Amino acid sequence: MIFTLALLLPWVTGVVLVALDGRRRDVGWLAVAVLAATLALLAVLTAQVLRDGSQEIVTGGWPAGVGIVLHADVLGVVFAVLSVLVLLAAATHEVLAGVRIRAFPGLVLLLAGGLTGIFLTGDVFNFYVFFELAMTASYALTTYGGKRRQLRAALVFTAVNLLGSFIFLLSVAGTYRVTGTLAMHDVAERMPAVDPNAAILVAAGFFIAFSVKLGLFPFHFWLPTVYTGSRPAVAAILSGAVANIGAYGLLRFGPGMFPAQLRLAAAALVVLGAASLVYGAVLAVARGDVGETLAYSAIGQVGYVLVAIGVGGTVGLTAAVLYSAVNALNKTLLFLAVGIRGALVAGAFAVGALSVAGVPPAAGFVGKLELFRAGIVVGSPALVVLLVVGSALSLVYMFQVYQGRFWRTDPSAQGPASSLPLRLLTAAVALIVLAAGLWPEPLLAVSDRAAEALLAGVPTA
Amino acid sequence: MILAFALAAAVLFGCGAYMLLKRDLLRVVGGIMLISQSAMVTIIGSSQSRGRAPIGVQPGDVVSDPLPQALALTALVIGLATVALLLALVHRVIVVFRTSEVDELAAGEAEHEAALEAQRQADREEAS
């Protein structure tokens, strides 16, 4: 019941709100209220899943195997809660600042509906449908602002990601051809019997599609233009919520459905992740612009997630889930803080900066710690050194930004302070990041359960 | 039959990729559309069985696999919607920038780059 409601609520209200004038305050607040309600429903669902194990619904009353399966396990609900939380923060931020186009609240709700669907579906093609729902909403959101920079950003984002979507679709067709099913659970079961050459091709297609979403090196080329061009709230949505599709997809399809192919490519994934990490960090240090530094930082940060997936096992996957969550919160906080001025903002930004660099007590420290543990498990000194270098570089570039923005008397950084509610909201997000760092047990335990759930669903080949 | 599907998909994808690399935005959209059609052909080609349409079948009839056809229909509708969105976006870009050439769009990027460089120069002067 709660499961169905959590999927339907944002979708239905989103369709209604798109038709209304979102620039009106009450429509904006209604969208925020619906997002809050969705978050509450997902929180209840998470509690149920943690207590009683994963839930499954077969749509339309069809027998299992014919109808589309919706499946809520720990991994899915964690990502759903996280993404809706990010959307809630970004939407509240924009409603407080004043929405500029009429479709904004409706689009955010549709995006929430699409993302929840992605994380709670148990069917590969259904995944594609929700995926396009979420992506179409985010293509439209990228144009938010309507200036030249936003239009250019939207064009690049749409063209590149549409291509990624079609590569995903090609792989879906391949999956059906080689396994004769589209239910994720059955695909995972039948995969070991599939011709290895065909399997690796299909897996590579999925990997490319999700890497494009995530902005991993060398599929990152679109990311800096888009993140710098779009408005801060939209950049927060793209990096905090939409990028989760990529991280979740890699986790769900990699260890969840193609474990043998993942093991085969593990070394390549670690190398790619490490390249992404170093490339992102070095370019972020070299950039002067706040938006661009954060964009390259995003490329570097997802490198950590890929390294963790490459390492694999319970330790690696726990680190990957945890780091994805922490990274989404960090990026949301930073992009929101960059857009506003006044007291409290510098403090909130500093918390985000410390979290990216992995300095306690911010949440980033816990994420980095898990990554180091993963590095030690594989017994690779080079990997641990690389992680340290990446963290050191992120400390350098984050404080370059901090210095440039909050210490220098630069005319562009000056101006009237933003309204108090806006600053309080940013401070609240900063508090969440701090709280997750000071009391990391819940997040750690949930990530651990998610990794276990992911590994438990895989038949041992 | 599979070979024909594979060849059709490959040719469509190749033409799409070629057009995608052109400098004119409308050609880029055309390229993406061709690639989407290549995905449709692949979906239809992934059918598990071939035969007559699965409508009013008698027991023992060989029917074609209905699932890929349902998938292709759904994917076509989604593809139509996204391509319409992309075309609207390109139209907006052409109206605002008064050009459909990618090069001229990139000029804006170069301006941003130059502004950043000027800022860095100012920083250096302040430091020295």
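Because the structure is a prediction, the values reported are computed rather than measured. (Residues numbered from 1 in each chain as written. Chains lettered and ligands numbered in written order. Predicted model: local features only at pLDDT ≥ 70, side-chain atom pairs only at ≥ 80, totals over all residues. Heavy atoms only, no water.)

Draft legend 1. A look at the side chain of A:Lys331. All names here are of chain A. Along the polypeptide, Lys331 turns up in helix α13 (residues 313-338). What makes Lys331 buried here is its relative accessible area of 1%. Contact partners of Lys331, with chain neighbours within four places excluded, come to Ser239, Leu294, Ser297, Ala298, Gln301 and Val356. (Helix = DSSP H or I, 4+ residues; strand = E, 2+ residues; numbered from the N terminus. Buried < 20%, exposed > 50% of the residue type's maximum accessible area, 1.4 Å probe, protein only. Contact = heavy atoms within 4.5 Å.)

Draft legend 2. Seen up close, the layout of surface pockets. The space that makes up the second largest pocket amounts to roughly 830 Å³. Around the second largest pocket sit 36 residues that line it, and A:Gly122, A:Asp123, A:Leu182, A:Ala183 and A:Met184 are the ones nearest its centre. At the level of secondary structure, the elements contributing two or more residues to the lining of the second largest pocket comprise β2 (69-72), α5 (124-142), α7 (184-190), α10 (232-257) and α18 (441-456) of chain A together with α3 (66-97) of chain B. The element best represented in the lining of the second largest pocket is α7(A), accounting for 5 residues. The residue makeup of the lining of the second largest pocket, split by class, is 17 nonpolar, 13 polar and 6 charged. (1 Å grid on protein atoms, 1.4 Å probe; cavity = no way out; pocket = protein on both sides within 12 Å on 5 of 7 lines; lining within 4 Å. Points joined across faces, edges and corners; volume = space filled by probe spheres on them. Nonpolar A, V, L, I, M, F, W, Y, C, P; charged D, E, K, R; others polar.)

Draft legend 3. How the structure looks around helix α14 (residues 345-357) of chain A. Residue and element names in this part refer to chain A. For α14, which comprises 13 residues, the first-to-last C-alpha distance of 18 Å matches the rise-based estimate of 18 Å (1.5 Å per residue) to within 8%. Burial runs high along α14: 10 of the 13 residues are buried. Here α14 has its buried residues at Val345, Ala348, Phe349, Ala350, Val351, Gly352, Ala353, Ser355, Val356 and Ala357. Residues of α14 that are buried sit in contact with α12 (290-311), α13, α15 (363-377), α16 (381-407) and α17 (420-438). (Expected span 1.5 Å × (residues − 1).)

Draft legend 4. Summary view of the environment of A:Gly291. Assignment of secondary structure puts A:Gly291 in helix α12. Along the backbone, A:Gly291 and A:Tyr227 are 64 residues apart, and their C-alpha atoms lie at a distance of 6.8 Å.

Draft legend 5. The arrangement of a nonpolar patch on the surface in detail. Residue and element names in this part refer to chain A. A contiguous nonpolar surface patch, about 500 Å² in accessible area, is contributed by Leu8, Trp11, Val12, Val15, Val16 and Leu20. The residue Val12 is located in helix α1 (residues 2-19) in this model. Take Val12: its relative accessible area is 41%, and that puts it in the partly exposed class. (Patch = residues over 30% accessible without salt bridge, like charges linked within 9 Å, V, L, I, M, F, W, Y side chains within 5 Å. Areas by Shrake-Rupley, 256 points an atom, 1.4 Å probe, with all protein chains shown as cover. Salt bridge = Lys/Arg side-chain N within 4 Å of Asp/Glu carboxyl O.)

Draft legend 6. Expanded view of the pattern of salt bridges. Residues and elements named next belong to chain A. Taken as a whole, this structure holds 6 salt bridges over all chains when the rule is applied. When the shortest N-O distance is used, the salt bridge between Asp26 and Arg24 registers 3.0 Å. On the accessibility criterion, Arg24 (45% relative accessible area) is partly exposed. Residue Arg252 pairs with Asp73 through a salt bridge whose shortest N-O separation is 2.8 Å. Here the residue Arg252 occupies a position in helix α10, and Asp73 occupies one in the loop between β2 and α3 (74-97), the gap between them amounting to 179 residues. Asp73 shares its class with Arg252; the two are buried.

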